[in-house]
Amino acid sequence: MRANRRVSHRERLFRQALWRAGARGYRVQARLPGRPDIVFPKLRLAIFVNGCFWHGCSTCGLPEPKANADFWRVKRQQTRERDVRAERELATNGWECLTIWEHEIRPDPRRRASELALLVQERRQFS
Ligand SMILES: [Zn+2]
């Protein structure tokens, strides 16, 4: 639970940075498969802000904790499977999914936020 709270704190900081970078008009807590963290409804763009440990980030490759190794392995495996299912379901409904990893926005979320703001701006020009 602690890890989850920390991630939602990161997510909040990222949203603030996104707002400051000029990307407005997003929704949070959208009722979509997998409950994406940030959604741009008109662009049909769904963004997941994922913690590197829980969602098994391959860049960081964080090891399983030694205590209760089986428990963590199963739990992380389930999370990854849920992610894949949600993305597939969203894609079927015409949504594009984007994953923002914790390591991309930590400690400073501004660079990633500007990149995303730029992408949103470009999409809006051509839609
Ligand atoms: Zn990572």
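Our subject in this report is the structure included herewith. (Residues numbered from 1 in each chain as written. Predicted model: local features only at pLDDT ≥ 70, side-chain atom pairs only at ≥ 80, totals over all residues. Heavy atoms only, no water.)

**A closer look at the sheet that holds strand 1 (residues 27–28)**
Here's step 1: Taken together, four strands build an open sheet; the order of strands is 1-2-3-4 and the sheet is mixed. The sheet is open, and its two edges are formed by strand 1 and strand 4 (96–101), each paired on a single side.
Here's step 2: In terms of strand pairing, strand 1 meets strand 2 (residues 38–40) through two bridges, oriented antiparallel. From the neighbouring strand, Val28 faces strand 2, where its bridge partner is Ile38.
Here's step 3: Strands strand 2, strand 3 (45–50) and strand 4 of the sheet are contacted by helix 3 (residues 110–125), whose axis makes an angle of about 165° with strand 4. (Pairing = 2+ DSSP bridges. Helix = DSSP H or I, 4+ residues; strand = E, 2+ residues; numbered from the N terminus. Contact = heavy atoms within 4.5 Å. Axes fitted to C-alpha atoms, helices over the stretch in contact; angles between N-to-C directions.)

**Quick notes on helix 3**
Here's step 1: Between the first and last C-alpha of helix 3 there are 22 Å, a value that for 16 residues agrees with the 22 Å anticipated at 1.5 Å per step.
Here's step 2: Residues Arg112, Ala113, Leu116, Ala117 and Val120 constitute the buried set of helix 3. Looking down the long axis of helix 3, one finds its buried residues gathered within 135° of arc, a one-sided arrangement. Facing away from the buried side of helix 3, by more than 90 degrees, are the exposed residues Arg111 and Gln125. (Expected span 1.5 Å × (residues − 1). Buried < 20%, exposed > 50% of the residue type's maximum accessible area, 1.4 Å probe, protein only. Arc of directions from axis to C-beta.)

**Side note on the coordination of the zinc ion**
Here's step 1: Looking at the zinc ion, one finds its protein donor set to be Cys52 (SG), Cys57 (SG), Cys60 (SG) and His103 (ND1), positioned 2.0 to 2.4 Å from the metal centre.
Here's step 2: Around the zinc ion, the four donor atoms sit at angles spanning 103 to 117°, and that spread fits a shape best called tetrahedral. (Donors = N, O, S within 2.8 Å, 3.2 Å for Na, K, Ca; no water. Tetrahedral: all angles 85-135°; square planar, octahedral: opposite > 155°, others 65-115°.)

**Comments concerning helix 2 (residues 69–92)**
Here's step 1: Between the first and last C-alpha of helix 2 there are 35 Å, a value that for 24 residues agrees with the 34 Å anticipated at 1.5 Å per step.
Here's step 2: Looking at helix 2, one finds that the buried residues are Arg76, Thr79, Ala86 and Leu90.
Here's step 3: Against strand 3 and strand 4 lie the buried residues of helix 2.
Here's step 4: In the segment just after helix 2, Gly94 is the residue with positive phi, at about 85°.

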